[in-house]
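Given next are the chains, with one letter for each unit.
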Amino acid sequence: MTNYPMQLLRKLNKIFFFIFFIYCSNVNAVSLDKLILKNQNSEADEQHVIFSDETILIEYKTNTAGPKKMAAGTIVAFKNNYIHLETKTVFNKIILSKVHIKHIHTIYTGNVRSWRDLYSKWILYFSILTIPGSIEMAKTPYRTKIISEEVGALINWTFFTMVSSYTYAPLFSYIDFNIRKSKALKFDIHNDVWKIDQPK
């Protein structure tokens, strides 16, 4: 019993330092309602405004020798020269990502989504499409009496969903992604045509 006050004090200290750490890590974060891109080559001070409810696709490279990477979502914050993005998948999962502004090559705006998000969408579509065929195949007279129609339909559906996730879903995701990207507005950042106006 004599050690209880000291234990309570230690716990309170830990809670205080945890709250203080969270506060310090977010003190420099700026919540964004819009991001402004300025054209460096325009004499008319041309600019483009990206609002926080718009989905953008960022093409970036973390090093000169490495491949280009992609990040997509809506802009939620700007902190320590990082643009923070948030996207919600078709399965209602929140994905967070961040990109340093010096690594950005190109920004795309419009009806754009990440390849991973589109892959999830096409897996869902194909899994739904295979349900009727899976049920019909389970009704064939060649099935054994050990397995019921319901179990047979489930096995068929699982198999065809797995096959489509390795074949059709990646292919359709690739086509969908590139069609959306080709139709989007493109802003070249790496060659200084467009510049990100950093929020103060």
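Keep in mind that what you see is a predicted model, and the values were worked out from it rather than measured.

Parameters and conventions
- Residues numbered from 1 in each chain as written.
- Predicted model: local features only at pLDDT ≥ 70, side-chain atom pairs only at ≥ 80, totals over all residues.
- Heavy atoms only, no water.
- Patch = residues over 30% accessible without salt bridge, like charges linked within 9 Å, V, L, I, M, F, W, Y side chains within 5 Å.
- Areas by Shrake-Rupley, 256 points an atom, 1.4 Å probe, with all protein chains shown as cover.
- Salt bridge = Lys/Arg side-chain N within 4 Å of Asp/Glu carboxyl O.
- Helix = DSSP H or I, 4+ residues; strand = E, 2+ residues; numbered from the N terminus.
- Buried < 20%, exposed > 50% of the residue type's maximum accessible area, 1.4 Å probe, protein only.
- Expected span 1.5 Å × (residues − 1).
- Contact = heavy atoms within 4.5 Å.
- 1 Å grid on protein atoms, 1.4 Å probe; cavity = no way out; pocket = protein on both sides within 12 Å on 5 of 7 lines; lining within 4 Å.
- Points joined across faces, edges and corners; volume = space filled by probe spheres on them.
- Nonpolar A, V, L, I, M, F, W, Y, C, P; charged D, E, K, R; others polar.
- Pairing = 2+ DSSP bridges.

(A) Just a nonpolar patch on the surface, in detail. On the surface, a nonpolar cluster with roughly 700 Å² of combined accessible area is contributed by Trp 115, Tyr 168, Leu 171, Phe 172, Tyr 174, Ile 175 and Ile 179. You can see Phe 172 is positioned in helix H4 (residues 168-183). A relative accessible area of 32% means that Phe 172 is categorised as partly exposed.

(B) The arrangement of helix H3 (residues 149-166) in detail. Look at H3: 26 Å from first C-alpha to last across 18 residues, which is about the 26 Å you get at 1.5 Å a residue. The set of residues buried in H3 consists of Gly 152, Ala 153, Asn 156, Thr 161, Ser 164 and Ser 165. On its buried side, H3 packs onto helix H2 (115-138) and H4.

(C) Examining the layout of surface pockets more closely. Quantified by volume, the largest pocket comes out at close to 210 Å³. As for the largest pocket, its lining consists of Tyr 60, Met 70, Ala 71, Ala 72, Thr 87, Ile 95, Ser 97, Lys 98, Val 99, Ser 114, Trp 115 and Arg 116. Counting only elements with at least two residues in the lining of the largest pocket, the list comes to strand E5 (69-79), strand E7 (94-100) and H2. Taken together, the residues that form the lining of the largest pocket break down as 7 nonpolar, 3 polar and 2 charged.

(D) Here's a closer look at the pairing of strand E8 (residues 104-109). Burial of E8 is extensive: 6 of the 6 residues sit out of reach of the surface. One ladder, built from 5 bridges, connects strand E4 (residues 55-60) with E8; its direction is antiparallel. Following the sheet pairing, Glu 59 is matched in E8 by Thr 106. Strand direction decides the pairing type here: E8 and strand E9 (residues 185-188), joined by 4 bridges, are antiparallel. Bridged to Thr 109 within E9 is Leu 185.

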